[in-house]
Amino acid sequence: DAGVIQSPRHEVTEMGQEVTLRCKPISGHDYLFWYRQTMMRGLELLIYFNNNVPIDDSGMPEDRFSAKMPNASFSTLKIQPSEPRDSAVYFCATSPGQFGYTFGSGTRLTVV
Amino acid sequence: GQQVMQIPQYQHVQEGEDFTTYCNSSTTLSNIQWYKQRPGGHPVFLIQLVKSGEVKKQKRLTFQFGEAKKNSSLHITATQTTDVGTYFCAGIDYKLSFGAGTTVTVRA
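Read on for a plain summary of the structure. (Residues numbered from 1 in each chain as written. Chains lettered and ligands numbered in written order. Predicted model: local features only at pLDDT ≥ 70, side-chain atom pairs only at ≥ 80, totals over all residues. Heavy atoms only, no water.)

## Describing the overall build of chain B
Along chain B, the regular secondary structure elements total zero helices and 11 strands. Along chain B, helices (α) and strands (β) appear in the sequence β-β-β-β-β-β-β-β-β-β-β when read from the amino end. Its C-alpha radius of gyration of 13 Å places chain B within 12% of the 13 Å reference for a compact globule of 108 residues. Seen through its C-alpha atoms, chain B measures out along the principal axes to roughly 40 × 25 × 20 Å. Each of the 108 residues in chain B was classed as buried or not, and the buried ones make up 49%. (Helix = DSSP H or I, 4+ residues; strand = E, 2+ residues; numbered from the N terminus. Rg over C-alpha atoms; globule rule 2.2 N^0.38 Å. Buried < 20%, exposed > 50% of the residue type's maximum accessible area, 1.4 Å probe, protein only.)

## Quick look at the layout of surface pockets
Its volume calculated, the largest pocket comes out at about 1,100 Å³. Looking at the largest pocket, it is lined by 45 residues, and the ones nearest its centre are Gln37(A), Thr38(A), Arg41(A), Gly42(A) and Leu43(A). (1 Å grid on protein atoms, 1.4 Å probe; cavity = no way out; pocket = protein on both sides within 12 Å on 5 of 7 lines; lining within 4 Å. Points joined across faces, edges and corners; volume = space filled by probe spheres on them.)

## Comments concerning the sheet that holds strand 3 (residues 19-24) of chain A
Residue and element names in this part refer to chain A. An order of 1-3-8-7 is seen for the four strands of this open sheet, with the pairing classed as antiparallel. The open sheet terminates on both sides in strands that have one partner only, identified here as strand 1 (5-7) and strand 7 (65-71). Direction aside, the axes of adjacent strands within the sheet are offset by 15° on average. The pairing of strand 3 with strand 8 (residues 74-79) spans five bridges and is classified as antiparallel. Residue pairing in the sheet places Leu21 in a bridge with Leu77 of strand 8. (Pairing = 2+ DSSP bridges. Axes fitted to C-alpha atoms, helices over the stretch in contact; angles between N-to-C directions.)

## Details of the packing of aromatic side chains
Counted according to the given criterion, the structure contains 14 aromatic pairs over all chains. Taking the centre distance of 6.0 Å and the plane angle of 85° together, the rings of Phe91(A) and Phe103(A) count as edge-to-face. One end of the pair, Phe91(A), is in strand 9 (residues 88-95); the other, Phe103(A), is in strand 10 (residues 102-103), and 12 residues separate them in sequence. Like Phe91(A), the residue Phe103(A) is buried in the burial classification. One aromatic cluster is present, built from ring pairs that chain together Tyr31(A), Phe33(A), Tyr35(A), Tyr48(A), Phe91(A), Tyr101(A), Phe103(A), Tyr35(B), Phe45(B), Phe88(B) and Phe98(B). (Phe/Tyr/Trp six-rings, centres within 6.5 Å; stacked < 30°, edge-to-face > 60°.)

## Comments concerning the nonpolar core
Grouped together as the largest cluster of nonpolar side chains are 21 residues, with contacts concentrated most on Trp34(A), Leu77(A) and Tyr90(A). Residue assignment for this core shows that the elements contributing at least two residues are strand 3, strand 4 (31-38), strand 5 (42-50), strand 7, strand 8, strand 9 and strand 11 (107-111) of chain A. Excluding residues that lie within four positions of it along the chain, Tyr90(A) makes contacts with Gln6(A), Leu21(A), Tyr35(A), Arg36(A), Leu46(A), Phe65(A), Leu77(A), Ile79(A), Gly106(A), Thr107(A) and Leu109(A). Grouped together as the second largest cluster of nonpolar side chains are 19 residues, Val4(B), Cys23(B), Leu49(B) and Leu74(B) included. (Core = buried A, V, L, I, M, F, W, Y, C linked by side-chain atoms within 4.5 Å. Contact = heavy atoms within 4.5 Å.)

Here you go:
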């Protein structure tokens, strides 16, 4: 199993541009989570899906952020327009239930 | 909502010494999980505790869940340089909430 696959690993973009982060979950894992990690705020849950359905998006910072899971094999997190304060490492994690999450390697986003 | 607090925030340890990091929740947890994140890496699941008073060991690591299921601890014996990283506890009420982590550095 290749684990949770995230792309890109690094993204540098200019303020105002659209950014799309991608995640391929582990097959059979029904839960998918998007986390953001910064030094100041630690690991923050942005949104999670169960069986492709968004369950809780209360952590999404504002309307500039959106997430989709069109099928069990793919999820995206989109930021439009991006701002410098969005700079962070974004992790996708998946789980077969409320047990041991498997994290992807993350996308390090820098907005200049 | 649930808050999970970890102490200490930083732990500087001499190689070979023991240390303990603590995790406290404002609410009763259904279970608690521990993760380790190496510098520049991603969180990696270590263990889950479910039962009140549960104790589990992984080699030099001992994990404990409090009787009231509101606190947990991780004790590492004979610290090695491979133990460097940030240790997170995470508690579930309806979703997994991470503590701020304990960042461990080791003096050789």
